[in-house]
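In case you want the letters, here they are:
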Amino acid sequence: MRLFPIESPIRMARLQGVGTVEGAVTRVLLDLTASDGVVGWGEAAPWAVFTGTPEAAFAALDRYLRPLVLGAPVRRIRALGAAMDRALVGHAEAKLAVETALFDILGRQSGLSVADLLGGRVRDTIPLSFSIADPDFAADLDRMRAMVPAGARIVKVKTGVREHRRKMARLEAIRAEFGAALDLRVDDNQALAPFGAIRLLRDVETLAPTFIEQPVARGHLAAMTSLAAALDTPILADESCFDASDLAEIVRLGAADAISVKLMKTGGLLKAQGLMALADAAGLPGYGGTLWEGGVALAAGTQFIAATPGVSPGCEFYMPHHVLIEDVLETRVENRGGEVVVPDGPGLGITVSEHAVRANARVRAQA
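Residues numbered from 1 in each chain as written. Predicted model: local features only at pLDDT ≥ 70, side-chain atom pairs only at ≥ 80, totals over all residues. Heavy atoms only, no water.

Trainee: Describe the overall build of the chain, with residues and values.
Mentor: Looking only at helices and strands, the chain has 14 helices and 15 strands in total. Viewed in the frame of its principal axes, the chain has a C-alpha envelope of about 60 × 45 × 35 Å. Out of the 367 residues belonging to the chain, those deemed buried represent 58%. Across the chain, contacts joining residues at least 24 apart in sequence account for 73% of those joining residues at least 6 apart. With an accessible surface of roughly 14,000 Å², the chain has 53% of that area assigned to carbon and sulfur atoms. In the chain, which carries 38 positive and 43 negative side-chain charges, the distance between the mean positions of the two groups comes to 3 Å. (Helix = DSSP H or I, 4+ residues; strand = E, 2+ residues; numbered from the N terminus. Buried < 20%, exposed > 50% of the residue type's maximum accessible area, 1.4 Å probe, protein only. Contact = heavy atoms within 4.5 Å. Areas by Shrake-Rupley, 256 points an atom, 1.4 Å probe, with all protein chains shown as cover. Lys, Arg positive; Asp, Glu negative; His and termini not counted. Charge placed at Lys NZ, Arg CZ, Asp CG, Glu CD.)

Trainee: Summarise the sheet that holds strand β14 (residues 335-336); cite the residues concerned and give the values.
Mentor: Taken together, the three strands give an open sheet; going across it, the order is β6-β15-β14, and neighbouring strands pair in antiparallel fashion. Either end of the sheet is taken by a strand with one partner, and the two such strands are β6 (125-127) and β14. (Pairing = 2+ DSSP bridges.)

Trainee: For the pairing of strand β8 (residues 154-158), give the residues involved together with the corresponding values.
Mentor: Extensive coverage of β8 is indicated by the burial of five of its five residues. Along β8, one buried face is formed by Ile 154, Lys 156 and Lys 158 and the opposite face, lined by Val 155 and Val 157, is buried too. The pairing of strand β7 (residues 129-132) with β8 spans four bridges and is classified as parallel. Opposite Phe 130, over in β8, you have Val 155 as the bridge partner. Assessed by its sense of winding, the connection that carries the chain from β7 through helix α5 (residues 137-147) to β8 is right-handed. (Right-handed = clockwise from strand over helix to strand, strands pointing away.)

Trainee: So what about the state of the cysteines? Which residues, and what values?
Mentor: What the rule picks out here adds up to zero disulfides. No disulfide involves Cys 241; its nearest neighbouring cysteine sulfur is the one of Cys 315, lying 18 Å away. Its relative accessible area of 0% is what places Cys 241 among the buried residues. Taking the relative accessible area as the measure of exposure, Cys 315 reaches 0% and is therefore buried. (Disulfide = S-S within 2.5 Å.)

Here it is in structure tokens:
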């Protein structure tokens, strides 16, 4: 197992409500080599204010998970996942990276895609949502003016970074320029206080957003429940829903109408599908969320969504194309006409550039 801490410069600052990212993002890539020489790739892309740090993910992989992985049978992915959970609490991103690499190997060995291994495709393309988060709103409008004529039709606005008046002005400007045909979504990233949130969100609701994501802090499920009952606009839970136990409480309370499924939160493709099985039973659709992933992790995300019917409102897998200046894939996962095209081919369906990996590695690779 080789580990590569990767530092990727980004095109613009991003104000995400719970934190600001400028300059570059850091993640950890790994590759595993099977006994027959087949190589699989995985990626851990944490965010310090959301799930963890890349330094912690590296340490988890290097010290605690490496002994479990080396010599383990590739096909026993679920058993290895349980062993990782017994050996180490948390560190979902590190565990996801290992599981992704195992699925990539197994797919390459069998000639099947990861989506095939997860049950087979139910879709070949996924609607793409782009997030408006640049502190320079005029620059984001210019991006939209280029993307919408090319087929983009979903935009999510990070609204937890501005006072209410300025937030509404941005949303009104988008509606006025791009019209009702644009699928407009709103994400407060936990920014609102429960007291008074309903009044502010009723203003937002006048602009007919498709959903309002995580308006209050993750622990305020009582407030989420009240908002979901009072508003006509669906409430989507993100930070409040990391795993199946979180979702069970959300369902019990009626605290959300949909969930954001992020592989970096769930800790694995199999766990993400398990989460969606519970969501399906409760009638809650899933949305393909993202943190700061590059092409390896987002290829895994497309394979997961391709094989999971309930993840129906699309995905926000725009980072490699629109935010990262350089990625590590020979060819980036295709975006076409406002859709992410699920890669064909065995495993993740991608080819990693060893040159790009080494050029962007922060330190020498750990073999």
